[in-house]
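Each chain is listed here by its residues.
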Amino acid sequence: MIHEVATIIIDPARATDFEAAVKMARPYFEEAPGFVSFALQKSIENVGRYLLIVGWETVEAHMVDFRNADGFQAWRNLVGDFFTSPPMVEHTNTVI
């Protein structure tokens, strides 16, 4: 399993609406082939910064299967207007 870690920056005044939109979008991830887990973390020190952490079976499950599915476009339609800059996305795996 790998993790997609997306750093998302939003206007802090819109946090409640953003969190509600992410909650609405979660099923699009859950129905995707290769989906494993989902979490949205909110920074304590950096207001307006979130980490979206999604577990996938493989990088391809995220970058090919999900990104080419209708669910990805639905996700972006729900949350894209909240981003103050494009999210920074990387993939990680657990080594210890």
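Here, every reference points to the structure presented above.
This is a predicted model, so every value here is computed, not measured.

Brief notes about the environment of G34
Among the structural elements, G34 can be located in the loop between α1 (15-30) and β2 (35-42). The buried category is assigned to G34, whose relative accessible area is 14%. Along the backbone, G34 and P87 are 53 residues apart, and their C-alpha atoms lie at a distance of 22 Å. If we skip the residues at most four places from it in the chain, G34 touches G55, W56, E57 and A61.

Looking at helix α3 (residues 70-79)
Working note: α-helix, 3.6 residues per turn, so residues spaced by three or four point in the same direction. When α3 is considered as a whole, its buried residues turn out to be G71, F72, A74, W75 and V79. Angularly, the buried residues of α3 cover 160° about the axis, an arc narrow enough to put them on a single face. Residues D70 and N77 are exposed on α3 and point more than 90 degrees away from its buried face. If you follow the buried residues of α3, they end up packed against β1 (2-9), α1, β3 (49-56) and α2 (59-66).

Cut-off values and rules
Residues numbered from 1 in each chain as written. Predicted model: local features only at pLDDT ≥ 70, side-chain atom pairs only at ≥ 80, totals over all residues. Heavy atoms only, no water. Helix = DSSP H or I, 4+ residues; strand = E, 2+ residues; numbered from the N terminus. Buried < 20%, exposed > 50% of the residue type's maximum accessible area, 1.4 Å probe, protein only. Contact = heavy atoms within 4.5 Å. Arc of directions from axis to C-beta.

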